Amino acid sequence: MTPEEHRTLREMLGAFSLGHLSGTEEAGIRAHLDGCPDCRRDVADIQPLAHALSLVDPDRVSAVDTPAPDLGERIFAAVAVEREQRHRKTRRRLVLTAAAVVLAVLAVGGVGVAIGEKVAEDPVATTPPAAPIEPVNVTSTVNGPQASAGIVAHAWGVEIKLQAVGLGTGDPYAVVVTTGDGRRHSAGAFVGTGERVMNCNLNSDVLRPDATGFEVIDQTGRAVLTADL
Ligand SMILES: [Zn+2]
C-alpha cells in the first residue's frame, strides 16, 4: 500500500466508525485494521466521538441550522489527515481537537453532550488544568460557514477558541470583540481553510465582564459569523 493509498484509507475511518461504508469497503477496512496498529488506534479514538454523534437527534439538528449530512465524516477525515501529517506526540492535542470536533458538530446541532472527561483523563497531561472554557453559540449569517466557539476569561482579556469549516480558502477574516458601549476591539485575524476544519485561538484585550459578543468579518466588511457573550 502506498502512503497515498494509506492516507485515503485513513480518511475513511470516520465513515467506517459511523457505519456509513458499503459492505465491501467495510470488509476492506477491517482487513487492514488487523495489520495496522496506527489505524486501530485511530478507530479507538474516533469510536467515542462516533457514539456521541449517534446521540444527536437528526430532527433537532435540522430544526436548527442544518449541517451538511457528511459534516461528521469530513471532520473525521480532516482529523485523520492532520494526524497523518503531524505524527505521534500530538496525541493530547488530537484528543483536544477531537473534543473540539464533537463540540463543533453538536453546537451546530444545538445539542449539548458532556465530553470533558476524555480530556481530563489524558495521562500525558503535565500542565496545570486549563482555565474553564465557556461554550458559545456561533450564528452563521450567510450560507456556508459553520462554527462553534469557546471563550476563556483570562486576566489579560478574552480568548476565543474558534472552530470553523466552510470559510473561503485563503480568504482573510478579522475577528472583533464587541463591548456594551458599541465599540469593536480587534481580536486578530486568520485565513479561511475551506472544507478543512480550522481551529484558531484569538486574543483580545477586552475583559470578560466587558465583552458582549464577537464577530468574524470577511474582506468586504460583512460579519459572517456572530456570537453573543
Ligand atoms: Zn493503517
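Keep in mind it's a predicted model, so treat the numbers as computed, not measured.

What about the coordination of the zinc ion?
Taken together, the protein donors to the zinc ion comprise His6 (NE2), His32 (NE2), Cys36 (SG) and Cys39 (SG), at separations of 2.0 to 2.3 Å. Angles of 104 to 117° at the metal separate the four donor atoms of the zinc ion, which places the site in the tetrahedral class. Summarised as a motif, the one-chain spacing of the donors to the zinc ion is H-x25-H-x3-C-x2-C. Exposure class is identical for cysteine 36 and cysteine 39. Each is buried.

Re the side chain of threonine 179
By the element assignment, threonine 179 lies in strand E5 (residues 172-179). Residue classification places threonine 179 among the buried positions, given a relative accessible area of 9%. Within the structure, the side chain of threonine 179 is placed 2.6 Å from the side chain of aspartate 181, a separation counted as a polar contact. Contact partners of threonine 179, with chain neighbours within four places excluded, come to His185, Val206, Asp210 and Thr212.

Some words on the confidence of the model for the protein chain
Residues of the protein chain with pLDDT of at least 70 account for 66%, and the chain-wide mean is 77. Helix H8 (residues 116-120) is the least confidently modelled element of the protein chain, averaging 40 in pLDDT, while strand E8 (residues 211-217) averages 95, the highest of any element. Taken as a whole, residues 108-122 scores under 50 in pLDDT and shows 23 contacts with residues more than four places along the chain or in a different chain.

Topic: the sheet that holds strand E3 (residues 146-154)
Reading across from one edge, E1-E3-E4-E7 is the order of the four strands in this open sheet, with antiparallel pairing throughout. Strands with a single pairing partner mark the edges of an open sheet, and in this sheet they are strand E1 (134-136) and strand E7 (198-203). Strand-to-strand, the axes of this sheet are offset by a mean angle of 20°, without reference to chain direction. In this sheet, strand E4 (residues 157-165) lies alongside E3 in antiparallel orientation, the contact comprising nine bridges. Its bridge partner being in E4, glycine 150 is matched across the sheet by lysine 161.

Conventions used here
- Residues numbered from 1 in each chain as written.
- Predicted model: local features only at pLDDT ≥ 70, side-chain atom pairs only at ≥ 80, totals over all residues.
- Heavy atoms only, no water.
- Donors = N, O, S within 2.8 Å, 3.2 Å for Na, K, Ca; no water.
- Tetrahedral: all angles 85-135°; square planar, octahedral: opposite > 155°, others 65-115°.
- Buried < 20%, exposed > 50% of the residue type's maximum accessible area, 1.4 Å probe, protein only.
- Helix = DSSP H or I, 4+ residues; strand = E, 2+ residues; numbered from the N terminus.
- Polar contact = N/O pair within 3.5 Å; in protein donor to acceptor, adjacent residues only side chain to side chain.
- Contact = heavy atoms within 4.5 Å.
- pLDDT = per-residue confidence, 0-100.
- Pairing = 2+ DSSP bridges.
- Axes fitted to C-alpha atoms, helices over the stretch in contact; angles between N-to-C directions.

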